[in-house]
Amino acid sequence: MERERDARTGPAGPPAVALTTGHCRSFYEAGGQITDEVWAQVRQGVAFLEQETGRRFGSVERPLLVSVRSGAPISMPGMMDTVLNLGLSETTERALTAETGDADYVADTRDRFVHQYRETVLGAAPEDTTAVVPDDAWAQLRAAVAAVFGSWQSPRAQVYRRSRGIGDDLGTAVTIQAMVFGNLDADSGTGVLFSRNPNTGSSDPFGEWLPGGQGEDVVSGKVTPLPLEALASGLPAVHTELLDMARRLERLNGDVQDIEFTVEAGRLWLLQTRSAKRSPLAAVRIAVDMVDEGVLTPSVARSRVDLAQVRSVAEAGAGPGQGDPIAVGVSACPGLATGIAVTDPDEAEERAEAGEDVVLVRATTSPDDLHGMLAAVAIVTEYGGATSHAAVVSREIGRACIVGCGDGVLDRLAGREITVDGSTGQVWPGRVAPGVGALEPSLVRLTEWVEAELDAETVASLRDLSPAERAVAAFEALNAG
């Protein structure tokens, strides 16, 4: 069990302890069970959290609530489980109500916990009242840790790993972290910040903010959050502190950061940070910019861009459509794709396997939709913002994506041939031809760095190609070498 303390170098992270990937392997070796030895370590870890917070897990006075989060060595966005607000029961609910004097806040937290626990730990529908949530905090915690370890081998996680070439033997860590509450009061909320724009590659920080929410609200895509400017307007000091920390974390890690944060009663808490998933266009632009800034060498920069991303950026955007777009939303991943709009991920997979180009159109996506997202040429959602599950996964797998198109989009698009222009956030009826434009300047420079690593004969063979063809061929030659 590893302890994670606040380094006192900036905004605090809530105290946490972690079970390592070795514990995950032990879990499966024990037949999918938390052994008594591991459970003893969990109890010790919670004692550390109690010491750090001055609260007691399951207590009737100043109860401690915790979250249980996954942490694979390679980021797998949304593929594994998280459970928030563990430790809530009838007795601790009364204790929190007495402590805060806010029965509505406590009831909201309890409702969130029960719904998520039923769905994630018990495998039941959130509204299924026959799925009984244990009243004992320790029973809740043990089952939640097992559920998060178990999600490593969930069908969606296995599909994701196969699609990204990630080994099944890595396992996941599990972090047990003291809760902070974005749903506490008017000066509370949750959000996601990218140290640079993961869609366009702009150096400007990009993020979304949801007042009164908890972390799962934003990343699930079930609601459409506000732009980060809303945090700057409502809590300017927190906004300034957040951007400063993002810059420091990017310098420390040498890469664009994806930061989840919560504000509780006006205080900023950082929940986690990791290297950000980014669109193909952003990958190219960020790699070049970081060379110009002295962060990366040209060799490292080109290694951060793969052949599929190069091919995507080499394709031009959409030409002019006919009439008006039939849907408009937030650009989540650039790209141009045409296909038949389908609303069911199973149908998307079946029709794609039969040779059709399909666009997956959903109210919002969840990890269980991954097979349909991989099968589709593009993704469109009614709800969610640019940091939602649909947006993050589409950037990772390189699919044109538009999110937050509004109510009624499923009914309006289903069964039609549509063209998705992820660069502009517009959906057009029928097939729209690609536009003709100059090659992305950053890709031109990246191609020059690649050619510097090729032999003279190979470079000479590329000279008669168009700039787009030359970029793709150069990366192919480098990979073949």
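See above for the structure.
Residues numbered from 1 in each chain as written. Predicted model: local features only at pLDDT ≥ 70, side-chain atom pairs only at ≥ 80, totals over all residues. Heavy atoms only, no water.

Visitor: Any chance you could explain the environment of Lys-277 here in plain terms?
Guide: Tracing the backbone through its elements, the reader meets Lys-277 in the loop between strand E12 (267–275) and helix H10 (280–292). Once the C-alpha coordinates of Lys-277 and Leu-410 are considered, the two residues, 133 residues apart in sequence, prove to be 27 Å apart. Beyond its immediate sequence surroundings of up to four residues, Lys-277 is in contact with Ser-75, Pro-77, Tyr-160, Phe-194, Pro-198, Val-392, Arg-395 and Glu-396. A polar contact of 3.3 Å, which involves the side chain of Lys-277, links it to the backbone oxygen of Ser-75. In terms of polar contacts, Lys-277 uses its side chain to reach the side chain of Glu-396, at 3.4 Å. (Helix = DSSP H or I, 4+ residues; strand = E, 2+ residues; numbered from the N terminus. Contact = heavy atoms within 4.5 Å. Polar contact = N/O pair within 3.5 Å; in protein donor to acceptor, adjacent residues only side chain to side chain.)

Visitor: When you look at the nonpolar core in this model, what are you seeing that I'm missing?
Guide: What tends to happen in soluble globular proteins is that the nonpolar side chains get buried as a cluster. Ranked by internal contacts, the top residues of the largest apolar core, which has 42 residues, are Val-68, Leu-86, Leu-141, Val-145 and Ile-176. Broken down by secondary-structure element, the contributors of at least two residues to this core are strand E2 (16–19), helix H1 (21–29), helix H2 (36–53), strand E5 (66–71), strand E6 (82–86), helix H4 (103–120), helix H5 (137–150) and strand E7 (173–178). The leading source of residues in this core is H5, at nine residues. In this structure Leu-141 touches Trp-39, Val-42, Val-46, Phe-57, Val-66, Val-68, Leu-86 and Ile-176, once residues within four positions along its chain are discounted. (Core = buried A, V, L, I, M, F, W, Y, C linked by side-chain atoms within 4.5 Å. Buried < 20%, exposed > 50% of the residue type's maximum accessible area, 1.4 Å probe, protein only.)

Visitor: I keep staring at the packing of H4 against H5 and nothing clicks. Help me out?
Guide: In helix packing, the relevant descriptors are the interaxial angle and the interaxial distance, both defined with respect to the helix axes. Two numbers describe how H4 lies on H5: the axes approach to 11 Å, and their chain directions differ by 50°. Between H4 and H5, the crossing angle belongs to the class labelled oblique. Between H4 and H5 the crossing geometry is left-handed. For the pair H4 and H5, contact is made by Phe-113, Tyr-117 and Thr-120 and by Ala-139, Gln-140, Ala-143 and Ala-147, respectively. (Axes fitted to C-alpha atoms, helices over the stretch in contact; angles between N-to-C directions. Parallel < 35°, antiparallel > 145°, perpendicular 65-115°, else oblique. Left-handed = near helix turned anticlockwise from the far one by under 90°.)

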